[in-house]
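An overview of the molecular structure
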Amino acid sequence: MLILFNPHTMHIRNLAVGLLGLLLVTFLGSCTSTNRMKSPAGDHASDPYQRNQEAFSEAIGPMDDKLSDTPKMILKNAHVRLIVERPDSAIAPLQALAEAHGGYASVTGTYACILRVKSDQLDPALAALAGIGKVRDQRITAEDVTQVYRDDEIRLENAQSARKRYLELLDQAENVEAALLVEKELERLNETIDLLQGRMNLLQNQVTYATIRINLQERTKPGLFGYIGIGLYQGVKWLFVRN
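Procedures and definitions
- Residues numbered from 1 in each chain as written.
- Predicted model: local features only at pLDDT ≥ 70, side-chain atom pairs only at ≥ 80, totals over all residues.
- Heavy atoms only, no water.
- Phe/Tyr/Trp six-rings, centres within 6.5 Å; stacked < 30°, edge-to-face > 60°.
- Helix = DSSP H or I, 4+ residues; strand = E, 2+ residues; numbered from the N terminus.
- Buried < 20%, exposed > 50% of the residue type's maximum accessible area, 1.4 Å probe, protein only.
- Pairing = 2+ DSSP bridges.
- Axes fitted to C-alpha atoms, helices over the stretch in contact; angles between N-to-C directions.
- Contact = heavy atoms within 4.5 Å.
- Salt bridge = Lys/Arg side-chain N within 4 Å of Asp/Glu carboxyl O.
- pLDDT = per-residue confidence, 0-100.
- Arc of directions from axis to C-beta.

This model, assessed by the stated rule, comprises one aromatic pair. Summarising the aromatic geometry, the rings of tyrosine 104 and tyrosine 209 are spaced 5.7 Å apart at their centres and angled 65° between planes, so their arrangement reads as edge-to-face. Highlighted residues: tyrosine 104 in strand E2 (residues 104-108) and tyrosine 209 in strand E5 (residues 209-218), separated in sequence by 105 residues. According to the relative accessible area criterion, tyrosine 104 is partly exposed, its value standing at 34%.

Further remarks concern the sheet that holds E2. Taken in spatial order, the five strands line up as E2-E3-E5-E1-E4 in an open sheet, and their pairing is mixed. Of all strands in the sheet, those bounded by a partner on one side alone are E2 and strand E4 (134-144). Taken over all neighbouring pairs, the strand axes of this sheet differ in orientation by 20° on average, direction set aside. Looking at chain direction, strand E1 (residues 74-84) and E4 are connected through nine bridges and run antiparallel. Of the residues in E4, the one forming a bridge with histidine 79 is arginine 139. Along the sheet, helix H3 (residues 91-100) contacts E1, E2, strand E3 (112-118) and E5; its crossing angle with E3, the most-contacted strand, is approximately 15°.

This brings us to the pairing of E3. In the sheet, E2 pairs with E3 via four bridges, with the strands oriented antiparallel. Pairing of valine 107 across the sheet is with isoleucine 114, part of E3. Between E2 and the antiparallel strand that follows it, E3, lie three residues. Here seven bridges tie E3 to E5, and the two strands are oriented antiparallel to one another. When the sheet's bridge partners are listed, valine 117 is paired in E5 with alanine 210.

A positive phi angle is found at aspartate 137, which is not glycine, with a value near 50°. Along the chain, aspartate 137 falls in strand E4. The exposed category is assigned to aspartate 137, whose relative accessible area is 54%.

This part covers the pattern of salt bridges. Under the defined criterion, the tally for this structure stands at seven salt bridges. We note a salt bridge from aspartate 137 to arginine 81, for which the minimum N-O separation is 2.6 Å. In this pair, aspartate 137 is assigned in strand E4 and arginine 81 in strand E1, connecting sequence segments 56 residues apart.

When pLDDT is averaged across the protein chain, the result is 76; 62% of the residues are at 70 or more. Overall, residues 1-12 carries pLDDT values under 50, and its contacts beyond four positions in sequence, including any with other chains, amount to zero contacts. In this model, residues 63-67 is a region of pLDDT below 50 whose contacts with residues beyond four sequence positions or in other chains number six contacts.

This part covers H3. Turning to H3, its buried residues are Ile91, Leu94, Leu97 and Ala98. End-on view of H3: buried residues confined to an arc of 120°, all on one side of the axis. Facing away from the buried side of H3, by more than 90 degrees, are the exposed residues Ala92, Glu99 and Ala100. On its buried face, H3 sits against E1, E2, E3, helix H4 (122-128) and E5.

Structure, rendered in structure tokens:
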């Protein structure tokens, strides 16, 4: 039997087989790529904890977009050295002074006392100290803590919004593992909320009440020769210095 080979026919056949193989490889690669792209989305859709990451980011949002109408908050402190006849006898009048200006005595001791008075009553309270003793070395400080309070206020609002989202996800948890992950995030958020609320309450109290720290010093009483020395000093001063 004689078999004749046509070179032209064999060339066309080889070309067709090559094209068919190329198309098959391209088709399989496209399917694999599509499956890889769909897999994370499918996992993301079936995992409540993963879905919530977008919800949490949305709840937090950019801090610059969250404006607060919190009024200006000024923290006031005063330090005073008070000369009195007897330090232990000055405690009761100092307590009464604090109460008269809408506050209270937070710390009392023989030679030290800390008063808390309404911030708008700080100046009148300091002026009233002259009725108890001689005021020396008075120093007043004021600190603007408005931005600190606003930052905590924004963080608290964001944490509360995120906790609300997590509570919703907890009801939608499909398995125990997903529920445990959500509960872990809820625990962390609750701790953050408690911390922020406590810090804001403390700051609010420090702004509402000004603090007066008083060092009590007993008045020095000169003896007989001390009075003689004081008299000589005043006499010499009169000779050289006149007002």
